[in-house]
Amino acid sequence: MADTTEKKVEGLLDEAKGRVKDGIGGLTGDAKAQAEGKFDQLSGMAQQEFADLYDEGETKLEAATAFVQDRPLISLAIATIVGAIIGGLFFGRKSS
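Residues numbered from 1 in each chain as written. Predicted model: local features only at pLDDT ≥ 70, side-chain atom pairs only at ≥ 80, totals over all residues. Heavy atoms only, no water.

## Let's talk about the confidence of the model for the protein
Across the protein, pLDDT averages 82, with 86% of residues at or above 70. Per-element confidence in the protein ranges from a low mean pLDDT of 83 for helix α3 (residues 60–70) to a high of 88 for helix α4 (residues 72–91). (pLDDT = per-residue confidence, 0-100. Helix = DSSP H or I, 4+ residues; strand = E, 2+ residues; numbered from the N terminus.)

## Here's the deal with the pattern of salt bridges
All chains considered together, the criterion is met by five salt bridges. One salt bridge connects Asp-22 with Lys-38, and the closest N-O pair in it is separated by 3.1 Å. With Asp-22 in helix α1 (residues 2–28) and Lys-38 in helix α2 (residues 31–53), this pair connects stretches of sequence that are 16 residues apart. What makes Asp-22 buried here is its relative accessible area of 14%. Here Glu-49 ties to Arg-71 by a salt bridge, and the two come within 2.8 Å at their closest N and O atoms. Highlighted residues: Glu-49 in helix α2 and Arg-71 in the loop between α3 and α4, separated in sequence by 22 residues. Taking the relative accessible area as the measure of exposure, Arg-71 reaches 23% and is therefore partly exposed. Members of the salt-bridge network, linked through shared partners, are Lys-21, Glu-36 and Asp-40. (Salt bridge = Lys/Arg side-chain N within 4 Å of Asp/Glu carboxyl O. Buried < 20%, exposed > 50% of the residue type's maximum accessible area, 1.4 Å probe, protein only.)

In structure tokens form, the structure reads like this:
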């Protein structure tokens, strides 16, 4: 139980850190900082969700599989957003 609580707290902290990075990136116009912030936010949210599913006997693969099976729309949304962020970092926006 304590391990689950620790994971939730870590997830909350990562999400908060991501919000701060995203905000600072928005204020300074730093797209990379914004992308990192969004990634940290998603990472923290996913970590919190995984903590809900965590059980001492489960392996990480079983936990990930259970997460996707129990929450397919959240999993799809996370994958889509992470893909968009990674695509934006690698390909960027083309100037006209």
